Structures are given as C-alpha cells and as structure tokens.
Amino acid sequence: MTALLMAAVLLAAQDLRTRIESAPDGIVRMSYAAKEGVCGNGRNNISTHRHGSKWRDGWESDCDEGPVRVALEISAKRVYEIRTYVGGRWRPIDGRVTDLGTVGAREAAAYFMGLAERTDRVKGDVIFPAVIADSADIWRDLLRIARNDNAAREPRKNAVFWLSQEASDAATAGLAELAEDDSEDREVRKQAVFALSQLDHDQGVPALIKVAKTNKDPEVRKSAIFWLGQSEDPRALKLFEEILAAKP
C-alpha cells in the first residue's frame, strides 16, 4: 500500500472513529466487505479458511460470504463491548441503535487496529473484525501491537495469535524476535512461541528450536519444546535426542 493510500485510509478511519464516538449511548452497527475465504452463518460460526462445511456424503452447511457485521456497545463515547458476525441481516430492535450502513473495509480494519492499541477494556476480540476485513493488510500493525510494551497484555496476546494466522516470511522473523526477547512479558513470549507453532508448513520450527536451546526462561523453553512435540517434525525429534543424550 502506497504512503498516499495509507494516509487516505488512516484519515477515513479517523472519520469513522469520530462517527462512532459521536453516536448516542447504545449500539452502533456497521457492515463491510469480508476477506476472500471468510464466511459465516450470521450467528455464532465464522470460518476464515473455506466456504461452508462439506462432508463426504454430500451435506454442506450454509456459510454466507459476507458482509462482516459489527455491533459496538457505546457509553460516554467509549466502546465497551464488540460483537462480530458474518452474513445474516440486521433486524430492528428496541433502544438506541445507530446504523452507519456500509463502510470501507480498510477503514474499518484501521479503526479496529487503532482501538486495540488504545484500550484493553473492550469485551470481545477487537482485532478479529480487522483480520477478516477485505483487502486489509494488517500484519505490520499486528507486529507493532505485539511489540508495544505500553499495550495491555490481552491485546498483545491476541495480536501475536492473529499474526501467526497472517504470517509471511517477514512476520515470521518478527515473531522469533519477540519470543527470544528476554525483556518481554513472559505470557506474551509464550504466546509468540505458540504462534510460531501454528505457521503453515512448519515454517516456525527453526525459530522454536532456537528458543528451546537458548532462551533463558525455563517456562518459555518448556513451551517451545511442547509445541515442537506437536509438530512431528524430524528436526524436533533430533533436538529431543540431543537434549536426552546430554542428560547426566
């Protein structure tokens, strides 16, 4: 994304924030396009990898390809709860409801990433609606939150988890640095270890092996060894052999 386009997206996200915070106390609704591969039943099921559930006997569950629908509970200009759906439809309800209609997916993603950095007092995963937004490239934002010492633990852990799902080679390097940084919060580093274990095609195995061998925190080393054990990777087995062979 070019710098000019990024500036335009951030400006639109700021405008979206103003619209949300200007709404009266109650519920603020918005809808936007879902990322390709995301679908849902409009209620409690959202898939980020496939279009519906298919079985060998020919049965397939309903799974709408969008839009993303987000409901924010607002009080005194502060968001205190967020609920995310994919598919379905809004219905009229009693009480104060402000419907912003359809908004830009990138602008919505930028707003939610900003909200994740600003507060940890929101009930619900603030980052998830950004992850499933169409055309939103947010891994750099996720990495920034994961590394932000001033951010609360829960948003940082969520950022590390979703970073593992979005990971590219560059993001993988960032996760490894986070897991190996002894100055970071232990729980954040353990979440980074978990995220490395979730990378496709065992991309995180070399970094996990390094953590298991060299990290100064025994809890973090133990976590790395556990997830290596789940990988069934031959390199992990070689490490276990080395560890056991070195026992007195």
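Not measured: the values here are computed from a predicted model. (Residues numbered from 1 in each chain as written. Predicted model: local features only at pLDDT ≥ 70, side-chain atom pairs only at ≥ 80, totals over all residues. Heavy atoms only, no water.)

## A closer look at the nonpolar core
Note the threshold: Working definition of a nonpolar core: buried Ala, Val, Leu, Ile, Met, Phe, Trp, Tyr and Cys residues. They are joined through side-chain atoms within 4.5 Å. Three labels apply to residues, based on accessible area from a 1.4 Å probe with only protein chains included: buried if under 20% of the type maximum, exposed if over 50%, partly exposed otherwise in between. Whether two residues are in contact is decided by their heavy atoms: any pair within 4.5 Å suffices.
Ile 20, Met 30, Tyr 32, Leu 72 and Phe 112 are the most contacted members of the largest nonpolar core, which totals 65 residues. Those residues in contact with Leu 72 that lie beyond four places of it in its chain are Ile 20, Gly 26, Ile 27, Val 28, Met 30, Val 79, Glu 81, Ile 82, Tyr 111 and Phe 112.

## A few points about the pattern of salt bridges
Heads up, the rule is: Whenever Lys or Arg places a side-chain nitrogen within 4 Å of a carboxyl oxygen from Asp or Glu, that contact is recorded as a salt bridge. Helix numbering and strand numbering both begin at the N terminus, where a helix is a DSSP run of H or I of at least 4 residues and a strand a DSSP run of E of at least 2.
According to the stated counting rule, one finds 14 salt bridges in the structure shown. As a salt-bridge pair, Arg 153 and Asp 185 come within 2.7 Å of each other at their nearest N and O atoms. Here Arg 153 is found in helix α5 (residues 153–166), whereas its partner Asp 185 is found in the loop between α6 (169–180) and α7 (186–197), with 32 residues between them in sequence. The shortest N-O distance in the salt bridge between Lys 190 and Glu 219 comes to 4.0 Å.

## Regarding unusual backbone geometry
Cis geometry is found at the peptide bond from Gly 66 to Pro 67, where omega equals 0°. Considering the arrangement of structural elements, one finds Pro 67 in the loop between β3 (46–47) and β4 (68–75). Of note, the phi angle at Ala 76 is positive, near 50°, even though the residue is not glycine. Following the sequence through the fold, Ala 76 ends up in the loop between β4 and β5 (78–86). For Ala 76, a relative accessible area of 63% translates into the label exposed. Here the phi dihedral of Ser 135 falls at roughly 65°; this positive angle occurs in a residue that is not glycine. Tracing the backbone through its elements, the reader meets Ser 135 in the loop between α3 (128–131) and α4 (139–147).

## Points about the sheet that holds strand β6 (residues 97–102)
Keep this limit in mind: Here, strands pair whenever DSSP counts at least two bridges between them. For every element, the axis is a line fit to its C-alpha atoms; helices are fit only across the contacting stretch, and the angle between N-to-C directions ranges from 0 to 180 degrees.
With mixed pairing, 4 strands are arranged side by side in an open sheet as β5-β4-β1-β6. At either margin of the open sheet sits one strand with a lone partner, and together these are β5 and β6. Here the strands of the sheet are splayed against their neighbours by 15° on average, with no regard to which way each runs. Inspection of the sheet shows β4 paired to β5 by 8 bridges, in the antiparallel sense. The partner of Arg 69 across the bridge, within β5, is Tyr 85. Packing of helix α2 (residues 105–118) onto the sheet brings it into contact with β1 (26–32), β4 and β5, and relative to β1 it is tilted by some 135°.

## Quick word on the state of the cysteines
Keep this limit in mind: Two cysteine sulfurs form a disulfide in these notes if their separation is within 2.5 Å.
Inspection of every chain in the model, using the stated rule, returns 1 disulfide. Across the disulfide, Cys 39 is cross-linked to Cys 63 (sulfur-sulfur distance 2.1 Å). Disulfide Cys 39 to Cys 63: torsion about the S-S bond roughly 85°, handedness right-handed. Here Cys 39, found in strand β2 (residues 39–40), pairs with Cys 63, found in the loop between β3 and β4; they are 24 residues apart in sequence, far enough to count as distant.

## Let's talk about the packing of helix α8 (residues 205–214) against helix α10 (residues 234–245)
For the record, the criterion: Any angle that is under 35 degrees is reported as roughly parallel, and any over 145 degrees as roughly antiparallel; angles of 65 to 115 degrees are reported as roughly perpendicular and all others as oblique. Throughout, a crossing is termed right-handed when the near helix is turned clockwise from the far one, and left-handed when it is turned anticlockwise from it by less than a right angle. Residue classes follow a fixed rule: Ala, Val, Leu, Ile, Met, Phe, Trp, Tyr, Cys and Pro count as nonpolar, while Asp, Glu, Lys and Arg count as charged, and any other residue, Gly among them, counts as polar.
Orientation of α8 relative to α10, taken along the N-to-C sense of each, is 15°, at an axis distance of 10 Å. Of the possible angle classes, the one that applies to α8 and α10 is roughly parallel. As for how α8 packs across α10, the hand of that crossing is right-handed. On α10, the residues touching Val 205, Pro 206, Ile 209, Ala 212 and Lys 213 of α8 are Arg 235, Ala 236, Leu 239 and Glu 242. Residue classes in the contact of α8 with α10 are distributed as 6 nonpolar, no polar and 3 charged.

## Description of the packing of aromatic side chains
What counts is decided by this rule: We call Phe, Tyr and Trp rings a pair once their centres come within 6.5 Å, taking the six-membered ring for Trp, and we label the pair stacked below 30 degrees between planes, edge-to-face above 60, and tilted otherwise.
Inspection of the entire model under this criterion finds 5 aromatic pairs. Note on Tyr 111 and Phe 112: the rings are 5.2 Å apart at their centroids and 65° apart in plane angle, and the pair reads as edge-to-face. Across this residue pair, the class does not change: Tyr 111 and Phe 112 are buried. Aromatic side chains Phe 128 and Trp 162 sit 5.2 Å apart centroid to centroid with 25° between the ring planes, which places their arrangement in the stacked category. Taken together, the residues Phe 128 in helix α3 and Trp 162 in helix α5 connect sequence positions 34 residues apart. Each member of the pair, Phe 128 together with Trp 162, is buried. Members of the aromatic cluster, joined through ring pairs, are Phe 194, Phe 226 and Trp 227.

Structural measurements only, silent on function.
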